[in-house]
Amino acid sequence: MSELLEKIEKRRTFAIISHPDAGKTTLTEKLLLYGGAIHLAGSVKARKSNKHAVSDWMEIEKQRGISVTSSVLQFDYDGYRVNILDTPGHQDFSEDTYRTLMAADSAVMLIDAAKGVEPQTKKLFWVCHRRHLPIFTFVNKLDRYGRNPFDLMDELENVLGIRAYPIDWPIGIDGKYKGVYNRMENTIQMFEEDGSHGSKQLKSTTGSLDDPKIKEMLGDELYNQLAEDIELLDMAGDEFDMERVNKGELTPMFFGSAMTNFGVQSFLEKFLELSPEPQPRALQNGDIVDPSNEKFSAFVFKIQANMNPAHRDRISFMRICSGKFEKGMTVYHKQSGKPIKLAMPQQFMAQERTIVEEAYPGDIIGVFDPGIFGIGDSLSDNSLKLQFEDFPVFPPEIFARVQPKDSLKRKQFEKGIIQLSQEGAIQVFKQEGVGMESYIVGVVGVLQLEVLEYRLKNEYSAQLLMNQLPYSVARWVYAESKDQVENLKGLDNGMLVYDKKDRPVILVNNEWALNWILDRNPGIQFLTVPADVEKI
Ligand code: G4P
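In this report, we go over the structure that sits alongside the text.

Procedures and definitions
- Per chain, residue numbering runs from 1 following the sequence as it is written.
- In keeping with the predicted nature of the model, local features appear solely for residues at pLDDT of at least 70, side-chain atom pairs appear and are counted solely at 80 or more, and the whole-chain, interface and lining totals rest on all residues.
- The basis for every side-chain value is the complete set of heavy atoms in the structure, and neither hydrogens nor water enter the calculation.
- Here a strand is any run of E in DSSP of at least two residues, a helix any run of H or I of at least four, and the numbering for each starts at the N terminus.
- Only protein chains enter the accessibility calculation, which uses a 1.4 Å probe; a residue is then buried when its area is under 20% of its type maximum, exposed when over 50%, and partly exposed in between.
- The span one expects for a helix is its residue count, reduced by one, times 1.5 Å.
- The convention used is that axes are lines fitted to C-alpha atoms, helices contributing only their stretch in contact, and that angles between N-to-C directions extend from 0 to 180 degrees.
- Angular relationships are summarised with four words: roughly parallel below 35 degrees, roughly antiparallel beyond 145, roughly perpendicular across 65 to 115, and oblique for the angles in between.
- Crossing chirality is assigned from the near helix's rotation relative to the far helix, an anticlockwise turn below a right angle marking it left-handed and a clockwise turn marking it right-handed.
- Contacts are assigned to residue pairs with any non-hydrogen atoms lying within 4.5 Å of each other.
- When residues are grouped by polarity, Ala, Val, Leu, Ile, Met, Phe, Trp, Tyr, Cys and Pro land in nonpolar, Asp, Glu, Lys and Arg in charged, and all others, Gly among them, in polar.
- The criterion for an aromatic pair is that two Phe, Tyr or Trp rings (for Trp, the six-membered ring) have centres within 6.5 Å, with stacked assigned to planes under 30 degrees apart, edge-to-face to planes over 60 apart and tilted to the rest.
- We define a salt bridge as a contact between a side-chain nitrogen of Lys or Arg and a carboxyl oxygen of Asp or Glu at a distance within 4 Å.
- Strands are labelled as partners when DSSP assigns at least two bridges between them.

## Description of unusual backbone geometry
Consideration 1: Although it is not a glycine, Asp-21 adopts a positive phi angle of roughly 80°.
Consideration 2: Position of Asp-21 relative to the elements: it lies in the loop between strand 1 (11-18) and helix 2 (24-34).
Consideration 3: On the accessibility criterion, Asp-21 (52% relative accessible area) is exposed.
Consideration 4: Of note in the backbone geometry, Asn-261 takes a positive phi value of approximately 70° without being a glycine.
Consideration 5: Mapped onto the elements of the fold, Asn-261 is located in the loop between strand 11 (250-255) and helix 10 (264-274).

Pasting the structure below:
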């Protein structure tokens, strides 16, 4: 096997998707713990508690140079090179969170055993699902009361439309769990308290279901309940089918507790075995590029700016899609039509950043960007000059009208708005008849608005007047005639605007209003994404 194929086979690049507080930080930390990247859990957590307000966040970014939590964490485990893409939650939830999923080959959906599927999990799930990304489910917090696992399986199916194949099954009655049974290995892992509260790797007792020692440990009641559950699953549940997993139709389901480390290592090992290696990527012209192509290609999925205001530096994060990356190599940048030298590439090993000498498909590197890259840009070997398919547009949910406080600063204001929109920090809309003096800005997280204000002031010396609008839903409008679109002007319960490609978009405050408008405007269609980028 060629060196490149060997590297590809052993790489896993994934994102953890969850609702805030389900335990993503804790799980990430425990995966790093098993990977040997950190020795005593606690450091990822410590960083997290630092970022509260936007000003803190900016300060921290400045001091540390870059936030590791907002990019990618890399570690080695059992011969695998693992890249965990971070998907920020809480108040720093933004379009970046969605776009990061474009760089993943699979996702781990983390669910709180007591809460089930929560709103943010749902949103992130849909982005993955539309890409047919394989999704692995980890039900967390098994150390305390949790919901019946059959109910959780039903919820996955009813709310998300995905069937689950439990690989583990929790042992316990009425939500009080003692351990897990692994259906594939026919082994039991019982929880053993070690007094370290999860800061060290957990000791556990392992044995097969027929082992008299295990039977005795379980006791009759637990044993009988487990035997009954397993029989029901074997009879009425889905068969394990890797093809369906790979298409995102069936999710392998695991149970554990990140805080106490319980079930984390067995999950990690099974996940690495089953999850896909770096996958081929689609091009604009309908072709695909295979990772095993010896020639380098990559796309930019995230731009982090304002690392250091004195230098206005930006780092562009790119995912390598094919070939081998070598430090200092010159590649062709499709969007500018120019060759570019990738100097000083950075990689992010657990807690520090290091200069990368070489990297392979599935890896993420960050390069200093003098302002040439945009989200979704393609880089490739000079002989390929390829272009990856467009990045999807995500419907914003928060809208504000923005204008410069001082009309003399209109030029700077406009330049800033346009550049930040190119960078993917905001989506910009125009209202017909309104000139350059004001824009409608759309985002998915409030932090994006705060960042917009901060950056316009600090990087473009333009202070903002910002009025949040009472809308939370955006739909791209498709109509048979221009008149039908014109009819949407002057609505009481909505606003017609145009995106940067001049496509009409309607803003309303709820789904109900959409239906109201649709009923009164036959021939009109509302789409969650523009039709020309629908395929993701
Ligand atoms: P997030 O990144 O998804 O937002 O979640 P995070 O890991 O910060 O976890 C949220 C809370 O849930 C934390 O408690 C964390 O300790 C707890 N947690 C995570 N995994 C488990 C688990 O397996 N079992 C139990 N019982 N709790 C878990 P906190 O009180 O908010 O913070 P802390 O005081 O523990 O630091």
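## Some thoughts on helix 8 (residues 212-236)
Consideration 1: Helix length check: helix 8, at 25 residues, gives a terminal C-alpha distance of 28 Å against a target of 36 Å (1.5 Å per residue), a shortfall beyond 12%.
Consideration 2: Regarding helix 8, the residues found buried are Ile-214, Leu-218, Leu-222, Tyr-223, Leu-226, Asp-229, Ile-230 and Leu-233.

## Notes on the packing of helix 11 (residues 410-423) against helix 12 (residues 446-460)
Axis angle and axis distance: for two packed helices, these are the angle between their axes and the distance between the axes, and together they describe the pair.
Consideration 1: Contact geometry for helix 11 and helix 12: axes closest at 10 Å, N-to-C directions at 125°. The pairing of helix 11 with helix 12 is recorded here as oblique in orientation. Here helix 11 and helix 12 pass one another in a crossing that is right-handed. Across the interface between the two elements, Gln-412, Phe-413, Lys-415, Gly-416, Ile-417, Gln-419, Leu-420 and Glu-423 of helix 11 pack against Leu-452, Arg-455, Leu-456 and Tyr-460 of helix 12.
Consideration 2: When grouped by side-chain class, the residues that make up the contact of helix 11 with helix 12 number six nonpolar, three polar and three charged.

## Observations concerning the packing of aromatic side chains
Consideration 1: Applying the stated criterion to the full structure yields 14 aromatic pairs.
Consideration 2: With a centroid separation of 5.4 Å and 85° between ring planes, the pair formed by Phe-125 and Trp-126 is classed as edge-to-face.
Consideration 3: Accessibility expressed as a relative area gives 0% for Phe-125, which makes it buried.
Consideration 4: Relative accessible area serves as the criterion here: at 37%, Trp-126 is assigned to the partly exposed category.
Consideration 5: An angle of 70° between the planes, with centres 5.9 Å apart, marks the rings of Trp-169 and Phe-255 as edge-to-face. With Trp-169 in strand 7 (residues 168-173) and Phe-255 in strand 11, this pair connects stretches of sequence that are 86 residues apart. The pair formed by Trp-169 and Phe-255 is uniform in burial state, with each residue classed as buried.
Consideration 6: The rings of Phe-14, Phe-136, Phe-138, Phe-254, Phe-267 and Phe-271 are connected pair by pair, giving a single aromatic cluster.

## Some thoughts on the pattern of salt bridges
Consideration 1: Counting across every chain of the model gives 26 salt bridges.
Consideration 2: We note a salt bridge from Asp-76 to Arg-81, for which the minimum N-O separation is 2.5 Å.
Consideration 3: When the shortest N-O distance is used, the salt bridge between Glu-273 and Lys-270 registers 3.4 Å. Pair noted here: Glu-273 and Lys-270 are both in helix 10, with a separation of three residues, about one helical turn.
Consideration 4: Residue class for Lys-270 comes out buried when judged on its relative accessible area of 9%.
Consideration 5: The structure contains a network of salt bridges with shared partners spanning Glu-157, Arg-163, Asp-238, Arg-244 and Glu-249.

## Considerations on the environment of Ile-440
Consideration 1: Of note, Ile-440 is situated in strand 26 (residues 439-443).
Consideration 2: Overall, the relative accessible area of 1% leaves Ile-440 in the buried class.
Consideration 3: Spatially, the C-alpha atom of Ile-440 lies 6.3 Å from that of Val-402, the residues being 38 residues apart in sequence.
Consideration 4: Those residues in contact with Ile-440 that lie beyond four places of it in its chain are Phe-399, Ala-400, Arg-401, Gln-427, Val-428, Phe-429, Gln-431, Leu-469, Met-495, Val-497 and Leu-507.

## Thoughts on the sheet that holds strand 25 (residues 427-429)
Consideration 1: Strand order across the open sheet formed by four strands is 25-26-24-27, with antiparallel pairing between neighbours. Each having just a single partner strand, strand 25 and strand 27 (464-469) make up the two edges of the open sheet. In this sheet, neighbouring strand axes are inclined to one another by 30° on average, regardless of whether the strands run parallel or antiparallel.
Consideration 2: Where strand 25 meets strand 26, three bridges bridge the pair, whose relative direction is antiparallel. Directly across from Gln-427, in strand 26, lies its bridge partner Gly-442.
Consideration 3: Packed on one face of the sheet, helix 11 meets strand 24 (398-404), strand 25, strand 26 and strand 27 and runs near 150° to strand 24.
Consideration 4: Running over the sheet, helix 12 touches strand 24, strand 26 and strand 27 and is turned about 165° from strand 27.

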